[in-house]
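# Examining the three-dimensional arrangement
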Amino acid sequence: MNIALWIGQIVLAVVFTASGIAKSTQSKEKLVEMGQTGVAVYPKTVVRLTAYAELLGVIGIIVPWWTGIAPVLTPLAAVGFAVVMIGGISSHIRLREPRNIAITTTILIIAVLVAIGRFAGL
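Bear in mind the structure is a predicted one, so any value in this text is a computation, not a measurement.

Thresholds applied
- Residue numbers here run from 1 along each chain, matching the order of that chain's written sequence.
- Totals for whole chains, interfaces and linings use every residue, but because this is a predicted model, local features are given only for residues with pLDDT of at least 70 and side-chain atom pairs only at 80 or more, for both listing and counting.
- Note: side-chain values were computed over all heavy atoms of the structure, leaving out hydrogens and water.
- Residues belong to a common nonpolar core when they are buried Ala, Val, Leu, Ile, Met, Phe, Trp, Tyr or Cys residues joined through side-chain atoms within 4.5 Å.
- Only protein chains enter the accessibility calculation, which uses a 1.4 Å probe; a residue is then buried when its area is under 20% of its type maximum, exposed when over 50%, and partly exposed in between.
- Helix numbers and strand numbers start at the N terminus; a helix is a DSSP run of H or I with at least 4 residues, a strand a run of E with at least 2.
- Should any heavy atoms of two residues lie within 4.5 Å, those residues are considered in contact.
- Basic side-chain nitrogens of Lys or Arg form a salt bridge, by our definition, when they fall within 4 Å of a carboxyl oxygen of Asp or Glu.

We now examine the nonpolar core. In terms of nonpolar packing, the biggest core is built from 16 residues, with Leu12, Phe16, Ile61 and Phe81 touching the most fellow members. Of all the elements in the fold, those that place two or more residues in this core are α1 (2-25), α3 (44-67), α4 (73-94) and α5 (98-120). Of all the elements, α4 adds the most residues to this core, at six residues. In this structure Phe16 touches Glu54, Leu55, Val58, Phe81, Val84, Met85 and Ile107, once residues within four positions along its chain are discounted.

Our next topic: the pattern of salt bridges. Counted under the stated rule, the structure contains one salt bridge. The shortest N-O distance in the salt bridge between Glu54 and Lys23 comes to 2.8 Å. With Glu54 in helix α3 and Lys23 in helix α1, the pair connects residues that are 31 residues apart, well separated along the chain. Neither Glu54 nor Lys23 differs from the other in exposure class; each is buried.

And the structure:
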């Protein structure tokens, strides 16, 4: 189970590193062109704050559990990612994008499973 949770954490770290970097450096128009269409329904400030939260979450999803220092931060980071994905699903529903809803829901499920698994391991 530990290996599956680490795989989930790494997947989340990769996804949110790419997303956070893109959202913190690109315009909304460029993000939409790149496929991150969900940002279209949010103001630029919300997109940027989300980017920074995602990048902090990347640290939280890996470092605390790996080092054993404040390991409760890892499942909390996973919960944070789940909240971000709920917002993403909401925007993709409004934009009527079934493919993006499916992708975002998959990421949500991974985040929830990591949160549950890591909370159980505390």
